[in-house]
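Descriptive structure summary
Chain residues, written in single-letter form:
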Amino acid sequence: MSPRQLIPTLIPEWAPLSIQSYMREGDSDSPPVTPTSQTSSCSSSFSSQKPTYSTIVEDNMDIILDEIRPYVKKITASEQNKKTINQYTLGASAGSGQFGYVRKAYSSTLGEVVAVKIIPKKPWNAQQFSVNQVMRQIQLWKSKGKITKNMSGNEAMRLMNIEKCRWEIYVASRLRDSAHIVQLIECLDSPFSESIWIVTKWCNLGELQWRRENNEDILPQWKKLLTSDCTVSKFAEKIMEDMTKGLQYLYSQGCVHRDIKPSNILLDENEKVAKLSDFGSCIFTPQSLPFTDVNFADCFQRELNKIVGTPAFIAPELCHLGNSKRDFVTDGFKLDIWSLGVTLYCLLHNELPFSGDNEFETYHKIMELSLSSKINGNTLNDFVIKRLLEKDVNLRIDIQNLAKILLCDQAEHSKNSKQPLSSNMIHIRNEGPVRRFFDRLLTKKGKKKHTEKVKDNTFGSININSAVSSHTDEDLDKEAFATTVLRSSPDSSDYCSSLEEEAVQVTDFLDTFCRSSESLHNMNLNNYKQNTEVRTEKSDSSSHSSLKIPTPIKAVIRLKDSPKKNQNKGHTNSSPNKLSFSLTNGSKERHTVNSVGPRKLAHSGNILNFKAYINPAKSDTRETVEDVKTYLNFAEDG
Ligand SMILES: Nc1ncnc2c1ncn2[C@@H]1O[C@H](COP(=O)(O)OP(=O)(O)OP(=O)(O)O)[C@@H](O)[C@H]1O
């Protein structure tokens, strides 16, 4: 009987043989090669490749592994029919994402229902990694001496996918101390398991839904979270409160989420709380990671300027593709504030604020379309539009101020009531701090009716009169905004005296992590949906697929879903499904990319969209080789 083949695992020492054939003899325990210590013996042009956030993380994977080890348990018992695995009895499917599917399960040790996310090690979505990405990764591993022999694309993709899971688990393990984050319980894996199993707390109401037939409809899910007197506005306030707490916690950990949207917010009826989930796009500031690198600050900065997330929720400062305003992002935390603003807007208006026929049109609207016509005198709505959906990143409210403004009443409450305010109680209360905040704001408005220009820091500098009664952006006193948003005003003590004045310090906001699971959202989702066996009724109300890609380059590589491909099935060989290649140098990579050919590329709608976006004056409907080059160059710079 031939021995069972070992499959790579989260914990490398569990399946040493599986990668041994790619490693230099006796090299498996050698320290990681840092970008700066690369030797000139690496013939590939990749040896001089600029370090990125992800390469730095990868170089320090040993440290990441040490951190996640306590959470990774070996699969010791599982049934063939997949009804049980270790102490978990699996139940119904709860939904699926781009990389795996989620099942409800019962934990006999915890005595409670949990969620189990099952991620196949070999990506089931063949488009999760582009050919380009896989080739680069193989070259990188080669240049660092981590592999010596050629590796098949499939094998590389599997290792890349496992590495992506390690990061996601690491992030989740760092974010376990907040009631507003979906908590990681543990992960299961073994050298014989085709999948990685991530166990988290169960959120019985599922992802946040927002689309409804009529604007004033209250969704059943909402009523379960906010049991009494649920209105659209009150529900949105509740989400704002919980998400502010969630983001405040992320900020305290130096973590930028980068994919805040309704489908990444899960609702828990028992705790009456909304929680943030899906940490695959998260990045930590260099200061908050347990390793250093001389290039880290720069790489973080570059990573922050990549388009990662979900197009409709991406902040305007990221949408300046291909022009001088790129590299605009220095404060990653404000990207999340914007996305929260979009989420709240969806709840309040039952529509996306910015939505185009393709991602580039969406970006254009995000940058150019004013929401001033949506200012309607509703305090919450106007606050969201003026402060969270402020296009100028310098004027947008930051998380410290948002938390200070919205949550200070809660701190006062706990101080005054002497009653310990458990997190559950906070959420069960009908009159949450946000409600009281807005009520108070309205009262204040009445009191200050005659004040010319109210410098009221309850709103972190918002001009109360204009926030409540004016209907245009022009009425905003931006200068007052800027000064009060950017510094913490002593006047705010009036309402926030019980709060710690100092937010947790994150020394600077440079840089990022290059997510290895880059994907172009539309193509990915379609393809994935075709591939997956698990079909669940995923609410259309909130499902917007993430763009886990710094650039649109995947459209070049992924021809699978292009109109041309549909007409002519002869392109299957260019599909990443069929990846089986090995590379020795960068020029060959170019060849491979070019061999896809401009003619075929001309059928990728995304290139045309990209072209129109970069140069709206040119209205031709055909791509030239130059267009493709521009596209690739842009992607390379991404
Ligand atoms: N802890 C949980 N409790 C309850 N339901 C969950 C939980 N985690 C996930 N789900 C359900 O499973 C679905 C899929 O979750 P998953 O995290 O795999 O994907 P996603 O976040 O929607 O997408 P992607 O990972 O592609 O960005 C969710 O939309 C949600 O409905």
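Residues numbered from 1 in each chain as written. Predicted model: local features only at pLDDT ≥ 70, side-chain atom pairs only at ≥ 80, totals over all residues. Heavy atoms only, no water.

A look at the pairing of strand β10 (residues 265-268)
Burial of the side chains of β10 extends over both faces: Ile265 and Leu267 are buried on one face and Leu266 and Asp268 on the other. Examined bridge by bridge, strand β8 (residues 206-207) and β10 share two bridges and lie antiparallel to one another. Note on β10: the bridge partner recorded for Gly206 is Leu267. When β10 meets strand β11 (residues 273-276), the two strands line up antiparallel, connected through four bridges. By the bridge assignment, Asp268 is partnered in β11 with Val273. Here β10 folds back onto β11 in antiparallel fashion, the turn holding four residues, of which Lys272 has a positive phi close to 55°. (Buried < 20%, exposed > 50% of the residue type's maximum accessible area, 1.4 Å probe, protein only. Helix = DSSP H or I, 4+ residues; strand = E, 2+ residues; numbered from the N terminus. Pairing = 2+ DSSP bridges.)

Some details on the nonpolar core
Grouped together as the largest cluster of nonpolar side chains are 102 residues, with contacts concentrated most on Tyr53, Phe235, Ile239 and Leu402. The leading source of residues in this core is helix α9 (residues 333-349), at 11 residues. Each residue touching Phe235, except ones within four places of it in the same chain, is listed here: Leu208, Trp222, Leu225, Leu226, Cys230, Leu267 and Leu347. (Core = buried A, V, L, I, M, F, W, Y, C linked by side-chain atoms within 4.5 Å. Contact = heavy atoms within 4.5 Å.)

A look at empty space enclosed by the protein
One pass over the structure, following the stated rule, counts nine cavities of 30 Å³ or more. There is about 90 Å³ of room inside the largest cavity. In terms of residue class, the lining of the largest cavity is built from seven nonpolar, three polar and four charged. (1 Å grid on protein atoms, 1.4 Å probe; cavity = no way out; pocket = protein on both sides within 12 Å on 5 of 7 lines; lining within 4 Å. Points joined across faces, edges and corners; volume = space filled by probe spheres on them. Nonpolar A, V, L, I, M, F, W, Y, C, P; charged D, E, K, R; others polar.)

A closer look at the sheet that holds β10
Across the sheet, which stays open at both edges, the three strands sit in the order β8-β10-β11 with antiparallel pairing between neighbours. With partners counted over all chains shown, the strands left at the sheet margins are β8 and β11, one partner each. Lying over the sheet, helix α7 (residues 232-252) contacts β10 and β11, oriented at roughly 40° with respect to β11. (Axes fitted to C-alpha atoms, helices over the stretch in contact; angles between N-to-C directions.)

So, the environment of Ile307
Within the secondary structure layout, Ile307 lies in the loop between α8 (296-304) and α9. Judged by its relative accessible area of 5%, Ile307 is buried. Sequence separation between Ile307 and His320 is 13 residues; the distance between their C-alpha atoms is 9.9 Å.

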